[in-house]
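# A closer look at the structure
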Amino acid sequence: MAQPEHFTPPVDAVLVRMRALDAQWPARDGVAVFNRVYLAVTAEVDRRLDAGEFPDARAASALDVRFAERYLAAADTVARGRRPPACWRPLFQFRRHPGVRPLQFALAGINAHIGHDLALAVVDTCRTLGCEPADLEDEFDHVGDLLVSLEERIREDLMPGPDLLQIADPLTHLLGSWSLERARDATWAAARALWALRHCDDVVEEFTERLDAGVGFASRMLLTPLPH
(Lines give C-alpha, C1' and ligand atoms only; values in the text may rest on other atoms or scores of the structure.)
Protein backbone atom coordinates (compact mmCIF):
# COMPACT_ATOMS: atom_id res chain seq x y z
CA MET A 1 0.00 0.00 0.00
CA ALA A 2 1.28 3.46 -0.93
CA GLN A 3 2.05 5.97 1.79
CA PRO A 4 -0.60 8.65 2.43
CA GLU A 5 0.22 11.98 0.80
CA HIS A 6 -1.10 14.45 3.35
CA PHE A 7 -3.25 14.97 6.42
CA THR A 8 -7.04 15.18 6.04
CA PRO A 9 -8.72 17.92 8.12
CA PRO A 10 -11.94 17.00 9.98
CA VAL A 11 -15.37 17.51 8.43
CA ASP A 12 -15.96 20.26 11.01
CA ALA A 13 -13.35 22.40 9.25
CA VAL A 14 -15.24 22.43 5.95
CA LEU A 15 -18.53 23.03 7.78
CA VAL A 16 -17.03 26.19 9.26
CA ARG A 17 -16.02 27.42 5.81
CA MET A 18 -19.46 26.68 4.32
CA ARG A 19 -21.21 28.49 7.17
CA ALA A 20 -18.97 31.51 6.58
CA LEU A 21 -20.01 31.57 2.92
CA ASP A 22 -23.67 31.23 3.92
CA ALA A 23 -23.31 34.27 6.16
CA GLN A 24 -21.72 36.48 3.51
CA TRP A 25 -23.94 35.74 0.48
CA PRO A 26 -27.53 37.04 -0.02
CA ALA A 27 -30.14 34.32 0.45
CA ARG A 28 -31.39 34.56 -3.17
CA ASP A 29 -27.88 34.32 -4.64
CA GLY A 30 -27.74 31.15 -6.76
CA VAL A 31 -24.46 29.92 -5.29
CA ALA A 32 -25.85 30.57 -1.80
CA VAL A 33 -28.85 28.35 -2.64
CA PHE A 34 -26.50 25.51 -3.52
CA ASN A 35 -24.27 26.23 -0.52
CA ARG A 36 -27.21 25.84 1.87
CA VAL A 37 -28.09 22.50 0.29
CA TYR A 38 -24.52 21.29 0.46
CA LEU A 39 -24.11 22.54 4.01
CA ALA A 40 -27.10 20.38 4.99
CA VAL A 41 -25.59 17.36 3.24
CA THR A 42 -22.20 17.82 4.89
CA ALA A 43 -23.74 18.35 8.33
CA GLU A 44 -25.70 15.11 7.89
CA VAL A 45 -22.56 13.23 6.86
CA ASP A 46 -20.84 14.61 9.97
CA ARG A 47 -23.74 13.48 12.16
CA ARG A 48 -23.64 9.98 10.68
CA LEU A 49 -19.89 9.81 11.14
CA ASP A 50 -20.33 10.67 14.82
CA ALA A 51 -23.06 8.03 15.08
CA GLY A 52 -20.78 5.36 13.59
CA GLU A 53 -23.01 4.72 10.58
CA PHE A 54 -20.17 4.44 8.03
CA PRO A 55 -18.28 1.14 7.62
CA ASP A 56 -14.95 3.00 7.60
CA ALA A 57 -15.25 6.38 9.31
CA ARG A 58 -11.72 7.45 8.37
CA ALA A 59 -12.27 6.77 4.68
CA ALA A 60 -15.72 8.39 4.69
CA SER A 61 -14.37 11.50 6.41
CA ALA A 62 -11.46 11.78 3.99
CA LEU A 63 -13.75 11.39 0.97
CA ASP A 64 -16.23 13.95 2.30
CA VAL A 65 -13.49 16.50 3.00
CA ARG A 66 -11.66 16.05 -0.32
CA PHE A 67 -15.03 16.33 -2.05
CA ALA A 68 -15.95 19.56 -0.23
CA GLU A 69 -12.54 21.08 -0.86
CA ARG A 70 -13.19 20.98 -4.62
CA TYR A 71 -16.27 23.20 -4.26
CA LEU A 72 -14.61 25.49 -1.73
CA ALA A 73 -11.61 25.90 -4.04
CA ALA A 74 -13.97 26.97 -6.86
CA ALA A 75 -15.60 29.54 -4.57
CA ASP A 76 -12.19 30.85 -3.48
CA THR A 77 -11.08 31.10 -7.11
CA VAL A 78 -14.10 33.26 -7.99
CA ALA A 79 -13.56 35.42 -4.89
CA ARG A 80 -10.05 36.16 -6.18
CA GLY A 81 -11.45 37.29 -9.52
CA ARG A 82 -10.33 34.21 -11.44
CA ARG A 83 -12.25 31.66 -13.50
CA PRO A 84 -13.36 28.46 -11.74
CA PRO A 85 -13.42 25.04 -13.45
CA ALA A 86 -15.81 24.84 -16.41
CA CYS A 87 -18.30 22.73 -14.44
CA TRP A 88 -18.80 25.59 -11.96
CA ARG A 89 -18.82 28.55 -14.36
CA PRO A 90 -22.53 28.48 -15.25
CA LEU A 91 -23.61 28.59 -11.60
CA PHE A 92 -21.33 31.52 -10.79
CA GLN A 93 -22.21 33.33 -14.02
CA PHE A 94 -25.99 32.98 -13.58
CA ARG A 95 -26.07 33.29 -9.78
CA ARG A 96 -28.08 36.56 -9.91
CA HIS A 97 -30.20 35.91 -12.99
CA PRO A 98 -33.86 36.69 -12.17
CA GLY A 99 -35.16 34.07 -14.59
CA VAL A 100 -33.42 31.14 -12.91
CA ARG A 101 -35.30 29.51 -10.05
CA PRO A 102 -33.82 28.28 -6.75
CA LEU A 103 -34.30 24.61 -7.63
CA GLN A 104 -32.28 25.12 -10.82
CA PHE A 105 -29.41 26.68 -8.86
CA ALA A 106 -29.44 23.83 -6.35
CA LEU A 107 -29.41 21.07 -8.96
CA ALA A 108 -26.86 22.80 -11.20
CA GLY A 109 -24.51 22.96 -8.22
CA ILE A 110 -25.16 19.31 -7.39
CA ASN A 111 -24.51 18.40 -11.03
CA ALA A 112 -21.17 20.24 -11.05
CA HIS A 113 -20.11 18.77 -7.75
CA ILE A 114 -21.21 15.18 -8.38
CA GLY A 115 -20.42 15.02 -12.09
CA HIS A 116 -16.90 16.44 -11.89
CA ASP A 117 -15.65 17.01 -8.34
CA LEU A 118 -16.64 13.66 -6.85
CA ALA A 119 -14.63 11.65 -9.38
CA LEU A 120 -11.53 13.73 -8.65
CA ALA A 121 -12.23 13.53 -4.90
CA VAL A 122 -12.18 9.73 -5.06
CA VAL A 123 -8.73 9.88 -6.66
CA ASP A 124 -7.60 12.52 -4.12
CA THR A 125 -8.79 10.28 -1.27
CA CYS A 126 -7.06 7.19 -2.67
CA ARG A 127 -3.80 9.13 -2.74
CA THR A 128 -4.38 10.50 0.75
CA LEU A 129 -5.14 7.10 2.28
CA GLY A 130 -2.90 4.99 0.03
CA CYS A 131 -5.78 2.82 -1.15
CA GLU A 132 -7.67 1.82 -4.31
CA PRO A 133 -11.09 3.10 -5.46
CA ALA A 134 -12.61 -0.31 -4.67
CA ASP A 135 -11.67 0.27 -1.02
CA LEU A 136 -13.91 3.38 -1.01
CA GLU A 137 -16.94 1.93 -2.77
CA ASP A 138 -19.01 1.45 0.39
CA GLU A 139 -18.32 5.02 1.52
CA PHE A 140 -19.04 6.32 -1.99
CA ASP A 141 -22.39 4.49 -1.99
CA HIS A 142 -23.32 5.75 1.49
CA VAL A 143 -22.64 9.37 0.54
CA GLY A 144 -24.42 8.88 -2.78
CA ASP A 145 -27.52 7.42 -1.09
CA LEU A 146 -27.63 10.41 1.23
CA LEU A 147 -27.39 12.82 -1.71
CA VAL A 148 -30.22 11.04 -3.53
CA SER A 149 -32.51 11.27 -0.49
CA LEU A 150 -31.70 14.94 -0.04
CA GLU A 151 -32.24 15.64 -3.74
CA GLU A 152 -35.78 14.31 -3.40
CA ARG A 153 -36.37 16.62 -0.45
CA ILE A 154 -34.86 19.57 -2.35
CA ARG A 155 -37.20 19.00 -5.27
CA GLU A 156 -40.18 18.91 -2.91
CA ASP A 157 -39.10 22.03 -1.02
CA LEU A 158 -38.05 24.18 -3.98
CA MET A 159 -40.44 23.09 -6.74
CA PRO A 160 -42.95 25.95 -7.02
CA GLY A 161 -46.72 25.76 -7.41
CA PRO A 162 -49.41 23.16 -6.70
CA ASP A 163 -49.14 19.72 -8.27
CA LEU A 164 -51.65 20.43 -11.04
CA LEU A 165 -49.55 23.35 -12.27
CA GLN A 166 -46.27 21.48 -12.03
CA ILE A 167 -47.24 19.24 -14.95
CA ALA A 168 -47.36 22.22 -17.31
CA ASP A 169 -44.43 24.07 -15.74
CA PRO A 170 -41.38 24.05 -18.08
CA LEU A 171 -39.21 23.58 -14.99
CA THR A 172 -40.72 20.11 -14.53
CA HIS A 173 -39.66 19.07 -18.02
CA LEU A 174 -36.22 20.68 -17.84
CA LEU A 175 -35.28 18.96 -14.60
CA GLY A 176 -36.80 15.67 -15.71
CA SER A 177 -33.91 15.33 -18.15
CA TRP A 178 -31.34 15.07 -15.33
CA SER A 179 -30.87 12.26 -12.80
CA LEU A 180 -28.55 12.21 -9.80
CA GLU A 181 -28.54 8.41 -9.89
CA ARG A 182 -27.20 8.39 -13.46
CA ALA A 183 -24.71 11.14 -12.62
CA ARG A 184 -23.45 9.14 -9.64
CA ASP A 185 -22.99 5.98 -11.73
CA ALA A 186 -21.07 7.95 -14.37
CA THR A 187 -18.91 9.50 -11.67
CA TRP A 188 -17.88 6.14 -10.23
CA ALA A 189 -16.88 4.96 -13.71
CA ALA A 190 -14.91 8.19 -14.27
CA ALA A 191 -13.13 7.83 -10.92
CA ARG A 192 -12.06 4.28 -11.72
CA ALA A 193 -10.83 5.36 -15.16
CA LEU A 194 -8.86 8.27 -13.73
CA TRP A 195 -7.22 5.98 -11.19
CA ALA A 196 -6.33 3.42 -13.84
CA LEU A 197 -4.81 6.19 -15.97
CA ARG A 198 -3.05 7.98 -13.11
CA HIS A 199 0.44 7.31 -14.49
CA CYS A 200 -0.47 8.72 -17.94
CA ASP A 201 -0.41 12.44 -17.21
CA ASP A 202 -1.36 13.65 -20.68
CA VAL A 203 -4.32 11.26 -20.94
CA VAL A 204 -5.53 12.15 -17.44
CA GLU A 205 -5.35 15.85 -18.26
CA GLU A 206 -7.39 15.44 -21.44
CA PHE A 207 -9.91 13.13 -19.73
CA THR A 208 -10.35 15.59 -16.86
CA GLU A 209 -10.76 18.57 -19.18
CA ARG A 210 -13.43 16.79 -21.21
CA LEU A 211 -15.24 15.68 -18.07
CA ASP A 212 -15.16 19.25 -16.75
CA ALA A 213 -16.49 20.68 -20.01
CA GLY A 214 -19.25 18.08 -20.38
CA VAL A 215 -20.51 18.59 -16.84
CA GLY A 216 -20.38 22.36 -17.34
CA PHE A 217 -22.56 22.04 -20.45
CA ALA A 218 -25.17 20.07 -18.48
CA SER A 219 -25.13 22.69 -15.71
CA ARG A 220 -25.66 25.44 -18.27
CA MET A 221 -28.74 23.62 -19.58
CA LEU A 222 -30.11 23.22 -16.07
CA LEU A 223 -29.80 26.98 -15.60
CA THR A 224 -31.89 27.91 -18.65
CA PRO A 225 -33.92 31.00 -17.64
CA LEU A 226 -37.63 30.21 -17.45
CA PRO A 227 -40.80 32.31 -17.23
CA HIS A 228 -42.37 32.46 -13.77
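What you see is a predicted model; the values in this text were computed from it and never measured. (Residues numbered from 1 in each chain as written. Predicted model: local features only at pLDDT ≥ 70, side-chain atom pairs only at ≥ 80, totals over all residues. Heavy atoms only, no water.)

## Points about empty space enclosed by the protein
Quick note on the threshold: A 1.4 Å probe that fits into a set of points on a 1 Å grid over the protein atoms alone but cannot get out defines a cavity; an open set with protein on both sides within 12 Å along at least five of seven lines defines a pocket, and lining residues are those with an atom within 4 Å of a point. Grid points are joined across faces, edges and corners, and a volume is the space filled by probe spheres set on the points. Numbering of helices and strands runs from the N terminus; a helix is a DSSP stretch of H or I covering at least four residues, while a strand is a stretch of E covering at least two.
Counted under the stated rule, the structure contains 1 cavity of 30 Å³ or more. Here the largest cavity is characterised by a volume of approximately 50 Å³. Taken together, Phe34, Val37, Tyr38, Val41, Phe67, Ile110, His113, Ile114 and Leu147 form the lining of the largest cavity. Mapped onto the lining of the largest cavity, the elements with two or more residues apiece are α2 (30–50) and α5 (102–129).

## Observations regarding the confidence of the model for the protein chain
To keep things clear, this is the line we draw: pLDDT is defined as a per-residue confidence score from the predictor, taking values between 0 and 100. By definition in these notes, contact holds between two residues if any of their heavy atoms fall within 4.5 Å.
When the pLDDT values of the protein chain are averaged, the result is 88; 86% of them are 70 or greater. Across the protein chain, the secondary-structure element scoring lowest on mean pLDDT is helix α7 (residues 163–166), at 49, and the one scoring highest is helix α4 (residues 89–93), at 98. The model gives residues 1–5 a pLDDT under 50, and that stretch makes 10 contacts with residues more than four places away or in other chains.

## Observations regarding the packing of helix α3 (residues 57–79) against α5
The following threshold applies: Axes here mean lines fitted to C-alpha atoms, for a helix over just the part in contact, with angles spanning 0 to 180 degrees between N-to-C directions. We call two directions roughly parallel when the angle between them is under 35 degrees, roughly antiparallel when it is over 145, roughly perpendicular when it lies between 65 and 115, and oblique otherwise. Left-handed describes a crossing whose near helix is turned anticlockwise from the far helix through less than a right angle; right-handed describes the clockwise counterpart. For this classification, Asp, Glu, Lys and Arg are treated as charged, while Ala, Val, Leu, Ile, Met, Phe, Trp, Tyr, Cys and Pro are nonpolar and the rest, including Gly, are polar.
Direction vectors running N to C along α3 and α5 enclose 130 degrees, while the axes themselves pass 8 Å from each other. With respect to their mutual orientation, α3 and α5 come out oblique. Between α3 and α5 lies a crossing of right-handed hand. Between α3 and α5, the residues in contact are Arg58, Ala59, Ala62, Leu63, Arg66, Phe67, Ala68, Arg70 and Tyr71 and His113, Ile114, Asp117, Leu118, Leu120, Ala121, Val122, Asp124, Thr125, Thr128 and Leu129, respectively. Of the residues contributing to the contact of α3 with α5, the split by class is 12 nonpolar, 3 polar and 5 charged.

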